[in-house]
Every structure is written in C-alpha cells, then in structure tokens.
Amino acid sequence: MSTHPTFGSLPDANGLDVVDPIETRHFSLFTSAPVDPVPADPESFAFPVANACRIRTDGFELPYMVPMEVRTPDGDHLAAVDLPTTEAFPVGDYLLELHSPIKIYVRVTGAVAIDATEDSVDVEFDRERSVAVGARSYHSEPAATVTVPDDPEALMEAVSTFSSALKTTSPERAWPTLRGHPPRIERGDELSIPEGLDPPETGITIAVPPEYEYVLTVAPLAYYLGARVAAGETPRLTAESGVARFLGEDPEAVADAVESLLKRTLVLDCATRTEGLYPDDLHERSVLESEADLDFAALYDASPGERLREYLAVPDEAVAAVESPWHRVTHVQPGPEAAELLPYVVNDLSLVRPKTTGGGSWTPTDKQVETDEALSGFFRGPDATVPSGPPAGSPAPAGAGDPGSASGGDPDDFLRSVGTRRSVTRRGSDDGDESDDSDDLTDSESARGVPGEGGYMPLPETDALEQAWVGDRTPIQGTKLLKAAFEHDRATSEDGTVAITVVCNDEEMREELDSAAEIYGSRDDLRTDVTCEFGVSTDRLRDLLAADSDMFHFIGHIDGLGFKCSDGILDAEELDETGAKTVLLNGCRSHDQGVALVEAGARAAVVSLADLWNSGAVEVGETFARLLYHGFGVGAAVELVREYTSLGNQYVVLGDPGTTFTQCENNAPVLYHMVDYSNTREIKIEPCGYITRSFGIGSTVHPHISEPKWFILGGLSGKTTVCTEEIRETFQGDWPPIIVDQNLVWSKHWLSNI
C-alpha cells in the first residue's frame, strides 16, 4: 500500500477526497459536480508534493476556514487569505497553497475569485477548468542509518550528519516542513556513515569535550544551525563569520546556553523569513522592530554564519520580549543507550538536558521527593493506606474541584484493582470507617505492574509545556521515551477513517464507556469508525488488540497481572503484536501492560502508576479522550490532565509523546484561557497554542478570535477582549477546551451557561 497521499471522488458528496494514509487524515474539496481524478505529474509544482492528480471543475469549497496563499506558478507570493475576505484575481496562471491538515497545492489557469468566511472558503473559477492538485504529508521519516560504536567522539560524527536533513539553511528552516528527519542511529562495532549525509557548508562549529553529557546536549542546536560537532576542551560555538561564543564550564551551563541560543535563532528566523515566501504580518516581528534596529531584508539574504553573528548581537531584552516556553524538554541519562533515541528527540527540536551527578538544577523539590517515595513504596507496608488523591507530596491540581469527590471521598467509590488488598482506608469517607478486604497477596504481588522501589525518576522543574525522559527508570511525570515506539511499521487507512476501539469490562465503570462513546462520535469533520464492547473474553480482547486501530481505550481492571476479562486475565506480554496506535489503559497499575503493548506495536500508551479510585479515573479518562480527540498529542494531553484533574499525576506516557490520532480542524490545537468574564457580553481571552508532530515548533497560528496577526505556535498568543457572540461563532463545531478559574472545561458546555 502506498504511503503517499491518495485522491478519490467523495463517496457521499461531490468533490475530491485527499487522504494521508500515514497520519490517518483526510481533507475534502467540495465541488458543484462530480469529479473523476486522474494522475498528474508531481514535478509540475514549484513546491515538493508526493502525489498529484487532475480534475475538471468550476471551483471548490473548503469545509471550514483554511488559510491560503495565492502564488504564481513559480511560487512567488501574490496574496495571503487568512481572514474573512473577498479577493478577485484576473485571468492568469495561479498556484493556490492550502494550509490544511494535509499540505495541498492547486494549479489553475483562469480568473479566480475567493470568498473566505469564518466557516468556509469558496474558490470560484471563471468557467470549468482543468485543475492540477498536489499533496504531501506532514510526516517525515529518517532517510538513512548511521552506525555508531559506544564512543562519544563517534557520536559527534553522527550528530554532525543530522543537519544533512535540512532542506534549506535560509531562515525558512524555521518551518518544520523544511527540516527533514535526522538519520537513525544504530549501535555497532564501528562508525559507518552512508554517503550523502554531509552537513551543509555553513562554516559553523560547536566544540565540546568528548563526553556524552555534552554531545547529547548540543545535538538540537547543531542540527538546526547546520553545525559540525567537534572535540574540544572548552565548549564553544564558532563560525567563520567571526562568531566565538563560550558555552559554559559544565554540562548544565552548556544546556542553558543551548536553550538560549536555540530559542534566539528560531524566533529571529521566524521574523526574518517574513521577507521571503511567507510575508505574514507576524506579531513577533512587530515586537522585535519596536525593541531593536533590525534590517530583516539584509538578514534574509545573509549567509548562515553572518546571520548567526547578527542574531547574537540582538539585545537580550528584545529577544526576551518575544520568547515563549519551549514545547518540550527531554531529560537524558547520558550514555551510549541514549544515542539511538537522539534522532527522534532532535526531529521534534526538543531541548536536551543531561542527568549528571551533582548540580543544582537536577535537585528535585521536596514535593517531587515525596512523590517518588510514595510511588516507590506503593503498598509495601503491612498496613498500607490507599491514598485518597494524588501521591503524597504531589501538588493539588488547580481547579480540580472537590478532590474527595474524585478520589475516594464518596463512600460508594471503589478502587479499579482486581481485588482491594489488606486493610484499605478511605481517607475521605464520611464515617471514617475502614473497609477491610484482606487477601493473601505478598508485598511484591500487591505492587506488581509498576516499577519497583527506586524505579522512578523525579524530573526537575521547567517552564516547558511538556517533559520527557530517556533512561532506565520511569518519570513521575511526562513521557518515558521507548525506542520501539519510533520504529514500528504502521498499517495505513485507505480512506482516512479514524478507527477507535473502546472496551469496558466492569459494569460499575459503564459511565466512562458511555461518555467515551459520546466523545468519540462528536466531530462531524472526521471520518470515524467507533467500536464499543462490554464484558469481552480474553480471546475477544486479543482479537481487538490485534486489529488495526488509531485509538484503543480500555476501561476496567488491570492490577498489574493483565487485563481482567469475563473468563480470566489477558497479559499483554503474551501478545506478539498489536495493531493499536495509541493506547489508553485506564485501570490500576497499568504501566507494565503499556510497556508490553508499545513493544508489540503501539506508538504510545497512557498508563497509571498506582491504584485508582473509580470516580477520579472516570474524570481522567473523559479528559484524555476529549484532548486526544481534539488533536492534542499524547505528551501535551498528559501534562494538561496532570495539572487539571484530581488523579492526573498518577499517569504517564510510554513511547512517543508526539503521537496523535486525529487531526485538529484548526491544524494545531489551541487551549483558550478565559482571563476575565465578569462582563458576560465581552470576555478577555488568551489563546495558548500547542505543538504537534504535523505543526511543529516554528509553525505559525492565526487565532481568529484575537487581533489579526500571526503568532509563532507554542504558548500564549496575547490577551484580547472579544464579544461573547463572536466566541460562540468561532468555537461552533470545534468547541475547544478552555481554562476558566484554573479549571479545564469544555467551551460548548460553559458558553451555554453564560
């Protein structure tokens, strides 16, 4: 089956259906009459496309507002359509670039009229025309494999090849689609670099001591700058243009310097590239122009080394005015084992921070230490008490409501374990009584399914939107990266249908099954196939896990042994493979079962680290389902669930944090903060955009609900006051999540009550 985008006639309407089988996405161009796509030459487009077709039509309509560029056939920019507007272009040759969930280009000769509203975009031609349509996936994969022995200097050579994947060294490299995937790294006996992996000739070098802590840390910066990594006693960034920047005395100082330099170069590239193919009205450029004297036209034409020199001269306060929190920090246990995951970390342009011996920035807080101790000692004492909420010492989630209602305060609440153990105290119960359900489980059996004592890693505090960990232990927050997750060959969907399977194996947990079924069927813009089953046997569950699905949501007892079924227990470690891409295991102590499913074929598994009160697990399951179904990546979703639900800090992600299983209607998911709604007719609002694999760091977002400017995607996009009716019209159909009084709620419900 081809992994390139495919074209077909819409089965239930007039129009062209474009399908990305890799990302399980589809996008429709609706036409006034049926179309019959025939193959066309992908090389006829000025921009790279993986596949192309030709249709005859007098125009097309897009199902919602999609930003669009109007260009000459050679790619020169004529106009941007990113707000409600009406544009008319005389007879000529045009290339229309659609910023849709699949990258689409339309070539047409004739007169073109565009009518864009908040709800749709109508493109009309002066008569029926032969139109060429090209498409490419936002997905990218490593093009080659570098073999590296267990030697830091050899890893330097491998990291130096990463920038061979850059499609340009101009400021356009800030676009994630122009940064290809670095080569894979495979451990072996000797260094082997395939031909064609030479870094670009930028004249930029990063010298660091030949130690894993340093090499891993500088890898993202070396990739983005197109720099060679070389051995040197003093960590230093140099360029033939005269740059000589000291990076620090130790790995932590170097990590700080890399973070500062990467943020600086990317945000300045984003501003400078507006002189090129995408002359957007970028908010960050306006701020920089008010803070510093910058000649963006000259910067755009400068060589990479010259541009770096000028970037380093920009005042710190000017850069600080446009910086926002980075999307992800990946903490790494230094060593040769981390090398094989490094290309995937760098592909997302995550910051890398090494776990070194000593150093203040890696000293966990008192609360993190308490959480680690609570999880490590989970039920190992003879009179252990079931926690009523988050693990001891964990911060109470903002706006979680009454914590007792989601964590054992209700005397009718219960644990999602196969059997409660020993003397279990509900700390929030009204009468203070203990429910005694003693059994014969040993201490090791009672805590099975999760890492043992000392098996957790408290990550240092950071202002990044997400955190990840590469190492032996399991983080108590964020994502544990697993190599297998990035290497699975995935089955593809021929028509872009999102396959979702929900299984509930306990009558008392039906509430989550019913709500999940409602959530997964709530979007009209997605093509979905939702399977919901209750009380399945081990054989049936094995079949469901083997079948191809984009999301597998399990509700029931796991308890470390495996999935409890109507006729026994199914242990995921017995499975040879699974067709599930994303897995949500909402049962007690599902960590080890999640690891087994990732090893068997899943890209990501959301798992629990402790026993769960049912009411809190329902809250978490519903919130995860909504966030993932809205287009958030699993890494971002787990951070939001951790912050805004009562039991969220008992869950982590295993595998690939960038995994998504649905497309977002607005391309990148946005969380809206309701800053001030005291006047219900006008609300002060602040959007916060989230990075996804398809719309990575360096992408831009146009929050139509705020001022008419573009913002660099990732973090808050500025406060604005909007009338309530405009908010309703903008959110209609999409209904994104919002933050109200530090609570995560859903806009459709909240707006219906004001």
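Residues numbered from 1 in each chain as written. Predicted model: local features only at pLDDT ≥ 70, side-chain atom pairs only at ≥ 80, totals over all residues. Heavy atoms only, no water.

Quick notes on the packing of aromatic side chains
Put simply, the test is: The aromatic pairing rule takes the rings of Phe, Tyr and Trp, using the six-membered ring of Trp, and pairs them if the centres are within 6.5 Å, calling planes under 30 degrees apart stacked, those over 60 edge-to-face and the rest tilted. Per the convention used, a helix needs a DSSP run of H or I reaching at least four residues, while a strand needs a run of E reaching at least two, with both numbered from the N terminus. Note on exposure labels: buried denotes an accessible area under 20% of the residue type's maximum, exposed denotes more than 50%, and partly exposed covers the range between, all computed with a 1.4 Å probe on protein chains only. We count a charge as sitting over a ring when the NZ of a lysine or the CZ of an arginine lies within 6 Å of the ring centre and within 35 degrees of the ring normal.
Tallied over the entire structure, the rule returns 15 aromatic pairs. Aromatic pair Phe60 and Phe125: ring centres 6.3 Å apart, planes at 70°, arrangement edge-to-face. Remark: Phe125 occurs in strand E10 (residues 121-136) and Phe60 occurs in strand E5 (residues 51-62); sequence separation between them is 65 residues. Phe60 sits in the buried class, given a relative accessible area of 4%. On the basis of relative accessible area, Phe125 is assigned to the buried category, the value being 8%. Taken together, the ring pairs in this structure connect Tyr520, Tyr629 and Phe661 into an aromatic cluster. Stacked on the ring of Trp175, the Lys or Arg Arg273 has its end atom at 3.4 Å from the ring centre. Over the aromatic face of Tyr629 sits the side chain of Arg523, whose NZ or CZ is 5.9 Å from the ring centroid.

A few points about the environment of Arg273
Short version of the rule: Any pair of residues with heavy atoms lying within 4.5 Å of one another is described as a contacting pair. Two N or O atoms count as a polar contact when they lie within 3.5 Å, although within protein this holds only if one can serve as hydrogen donor and the other as acceptor, and sequence-adjacent residues are included solely when both atoms are side-chain atoms.
One can find Arg273 in the loop between helix H3 (251-272) and helix H4 (283-291). Spatially, the C-alpha atoms of Arg273 and Phe296 are 8.3 Å apart, while their sequence positions differ by 23 residues. Discounting chain neighbours no more than four positions away, the residues touching Arg273 are Pro171, Glu172, Ala174, Trp175, Tyr278, Tyr300, Gly698, Ser699 and Thr700. Within the structure, Arg273 has its side chain in polar contact with the backbone oxygen of Ala174 (distance 3.5 Å).

Observations regarding helix H1 (residues 152-160)
Most of H1 is tucked away, with 7 of its 9 residues classed as buried. All of the buried residues in H1 are Pro152, Ala154, Leu155, Met156, Ala158, Val159 and Ser160. Close packing links the buried residues of H1 with strand E11 (145-148), strand E12 (184-187), strand E13 (204-208), helix H2 (212-225), strand E14 (228-231) and helix H8 (342-347).

A few points about the sheet that holds strand E22 (residues 466-470)
The following threshold applies: Pairs of strands are assigned from DSSP output, requiring at least two bridges between the strands. In this analysis, axes come from line fits to C-alpha atoms, helices being fitted only over the stretch in contact, and the angle between any two N-to-C directions falls in the range 0 to 180 degrees.
Read from one edge of the open sheet, 10 strands run E18-E17-E22-E24-E32-E31-E30-E27-E25-E26, paired in mixed fashion. Of all strands in the sheet, those bounded by a partner on one side alone are strand E18 (351-354) and strand E26 (528-534). Bridge count for strand E17 (residues 328-332) against E18 is 4 bridges, and the pairing is parallel. Bridge pairing in E18 places Val329 opposite Leu351. Where H2 meets the sheet, it contacts E17 and E18, and its direction lies at approximately 165° from that of E18. On top of the sheet, helix H11 (residues 510-520) reaches strand E25 (498-504), E26, strand E27 (549-555) and strand E30 (580-586); it is set at about 170° to E26, its chief contact.

Some thoughts on the pattern of salt bridges
Selection criterion: Any Lys or Arg side-chain nitrogen located within 4 Å of an Asp or Glu carboxyl oxygen qualifies as a salt bridge.
In the structure shown here, the tally under the stated rule is 28 salt bridges. Residues Glu533 and Arg540 are paired through a salt bridge, measuring 2.4 Å at the closest nitrogen-oxygen approach. Here Asp611 makes a salt bridge to Arg589, at a shortest N to O gap of 3.0 Å. Of this pair, Asp611 sits in the loop between strand E31 (604-608) and helix H14 (614-629) while Arg589 sits in the loop between E30 and helix H13 (591-600), and the two are 22 residues apart along the sequence. Salt bridges linked by common partners bring Arg328, Asp348, Glu466, Arg603, Asp656 and Arg693 together as one network.

What to know about the packing of H11 against H14
Spelled out, the test is: Roughly parallel covers angles under 35 degrees, roughly antiparallel covers those over 145, roughly perpendicular covers 65 to 115, and oblique covers all other angles. For a crossing to be left-handed, the near helix must be turned anticlockwise from the far one by less than a right angle; the clockwise case is right-handed.
Interaxial distance between H11 and H14 falls to 10 Å at its minimum, and their mutual angle equals 10°. Judged by the inter-axis angle, H11 sits roughly parallel to H14. Like other packed secondary-structure pairs, H11 and H14 cross with a definite hand, here right-handed. The residues of H14 that touch H11, namely those facing Glu511, Glu512, Ser515, Ile519 and Tyr520, are Ala617, Val618, Gly621, Glu622, Ala625, Arg626 and Tyr629.

Description of the environment of Glu323
Structurally, the position occupied by Glu323 is in the loop between helix H7 (316-320) and E17. Sequence separation between Glu323 and Gly715 is 392 residues, and the spatial gap between their C-alpha atoms is 9.4 Å.

Topic: the side chain of Ser170
On the secondary structure map, Ser170 appears in the loop between H1 and E12. Only 3.0 Å separates the side chain of Ser170 from the side chain of Thr168, close enough to count as a polar contact.

A closer look at the nonpolar core
Note the following rule: In this text, buried Ala, Val, Leu, Ile, Met, Phe, Trp, Tyr and Cys residues form a nonpolar core when linked through side-chain atoms within 4.5 Å.
By size, the foremost hydrophobic cluster in this structure holds 129 residues, and its most contacted members are Leu155, Leu541 and Phe731. Take this core: its biggest share by element is 11 residues, from H2. Core analysis: the next-biggest nonpolar cluster, separate from the first, contains 44 residues, Leu584, Leu627, Ala636 and Trp746 among them.

What to know about the pairing of strand E2 (residues 15-20)
For E2, the tally of buried residues reaches 6 of 6 residues, placing the bulk of the element in the interior. Alignment of strand E1 (residues 6-9) against E2, held across 4 bridges, turns out to be antiparallel. Across the sheet, the residue bridging to Phe7 is Val18, located in E2. Taken together, E1 and the strand that follows it, E2, pair antiparallel across an intervening segment of 5 residues. In terms of strand pairing, E2 meets strand E3 (residues 25-30) through 6 bridges, oriented antiparallel. From the neighbouring strand, Val19 faces E3, where its bridge partner is His26. Between E2 and E3, which pair antiparallel and follow one another directly, the connecting turn spans 4 residues, one of which, Thr24, has a positive phi of 55°.

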